[in-house]
Amino acid sequence: MTRHDERASYDRDAAYSIIDEGMVAHVGFDSDAGPVVIPMTYARLGDEIVLHGAVASRWLSGFGAGKPVSVCITLLDGLVLAQSAFSHSMNFRSVVCFGTATVVDDNERKQAAFKAFLDHLVPGRWDDTRQPDRKEVAATVVLSVPIDEASIKVRSGPPQDAAKDLQEGHWTGVIPLALTPGEPVADPLMEAVREVPGYVRNYKRP
């Protein structure tokens, strides 16, 4: 793990906690057209992050021999309002992982990755769906990124105003933010009315 500043950490368990709670990764790499960052769904399998995309994607066509990438995941926990406009901030947890992404060709590993993708987003859903068929598997690129290096940054708590600003008289504090599921909405194309599964009714992030 790499330390950059006073908000950085190098605790592997802390990194994995952020990875497991997040849902979207921003993946950066060099392409023929220059630096690219794309949002991707992902999952963690032990000490690796797995990513996926369509075989037809032009961005994923150059990973056959492996390619260095960065994988950034950020959780926003609150908006921090200070006396000074300059001192406003956000409470957040983020991790940037660095490694070489390689294509997963083994069908057993690809199936494990597909299961991990779905269970990462909605734990319990994999066993309650039709499994990917050969055509769907063939149309999907799965990338494996060993977590060789990671940088964690975390900010929490109240504003940190300079002493000279504490008497300004403005309201200061934190607006907490959280990802909160709403009431499930049934698909109108379901052939029959079905009971909402427990993993949907009680959905929450780790």
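Quick caveat: nothing in here was measured; it's all calculated off a predicted structure.

Enquirer: Help me understand the overall build of the protein, please; the structure alone is not making it clear to me.
Expert: Along its length, the protein carries four helices and 10 strands. Along the chain direction, N to C, the helices and strands of the protein fall in the order β-α-β-β-β-β-β-β-α-α-β-β-β-α. The C-alpha extent of the protein, read off along each of the three principal axes, is 65 × 50 × 30 Å. Taking the intrachain contacts of the protein between residues at least 6 apart in sequence as the baseline, contacts between residues at least 24 apart amount to 73%. Within the protein, the 28 negative side-chain charges are centred at a point lying 2 Å from the centre of the 21 positive side-chain charges.

Enquirer: Looking at this structure, how should I read helix α1 (residues 12–21)?
Expert: Owing to its 3.6 residues per turn, the α-helix aligns residues three or four sequence positions apart on the same side. Regarding α1, the residues found buried are Ala 15, Tyr 16, Ile 18 and Ile 19. With its buried residues spanning 160° around the axis, α1 presents them on a single face. Its buried side turned inward, α1 meets β4 (42–45), β5 (48–54), β6 (67–81), β7 (89–103), α2 (107–121) and β9 (149–155). Between a side-chain oxygen at the N-terminus of α1 and the backbone nitrogen of Asp 13 the separation is 2.9 Å; the capping residue is Asp 11.

Enquirer: Before we go on, may I ask you to explain α2 in this structure?
Expert: Between its first and last C-alpha atoms α2 spans 22 Å; for 15 residues at 1.5 Å apiece the expected length is 21 Å, and the two agree. Buried within α2 we find Lys 110, Ala 113, Phe 114, Ala 116, Phe 117 and His 120. For α2, the angular spread of the buried residues around the axis is 165°, confining them to a single face. α2 presents Asn 107 and Glu 108 as exposed residues on the side facing more than 90 degrees away from its buried surface. Tucked inside the fold, the buried residues of α2 contact α1, β4, β5, α3 (134–138) and β8 (140–146). With a side-chain oxygen lying 3.2 Å from the backbone nitrogen of Glu 108, the N-terminal cap of α2 falls on Asp 106.

Enquirer: In this structure, what is going on with the pairing of β7? I would like to understand it.
Expert: Residues in a regular strand point their side chains to alternate faces of the sheet. Taken together, the 13 bridges between β6 and β7 define a ladder with antiparallel strand orientation. When the sheet's bridge partners are listed, Thr 74 is paired in β7 with Ser 94. Note: β7 against β9, seven bridges, orientation antiparallel. When the bridges of β9 are listed, Val 96 appears paired with Ser 151. Pairing geometry for β7 and β8, over two bridges, is antiparallel. Looking at β8, one finds that Val 103 is bridged to Leu 143.

Analysis parameters
- Residues numbered from 1 in each chain as written.
- Predicted model: local features only at pLDDT ≥ 70, side-chain atom pairs only at ≥ 80, totals over all residues.
- Heavy atoms only, no water.
- Helix = DSSP H or I, 4+ residues; strand = E, 2+ residues; numbered from the N terminus.
- Contact = heavy atoms within 4.5 Å.
- Lys, Arg positive; Asp, Glu negative; His and termini not counted.
- Charge placed at Lys NZ, Arg CZ, Asp CG, Glu CD.
- Buried < 20%, exposed > 50% of the residue type's maximum accessible area, 1.4 Å probe, protein only.
- Arc of directions from axis to C-beta.
- Polar contact = N/O pair within 3.5 Å; in protein donor to acceptor, adjacent residues only side chain to side chain.
- Expected span 1.5 Å × (residues − 1).
- Pairing = 2+ DSSP bridges.

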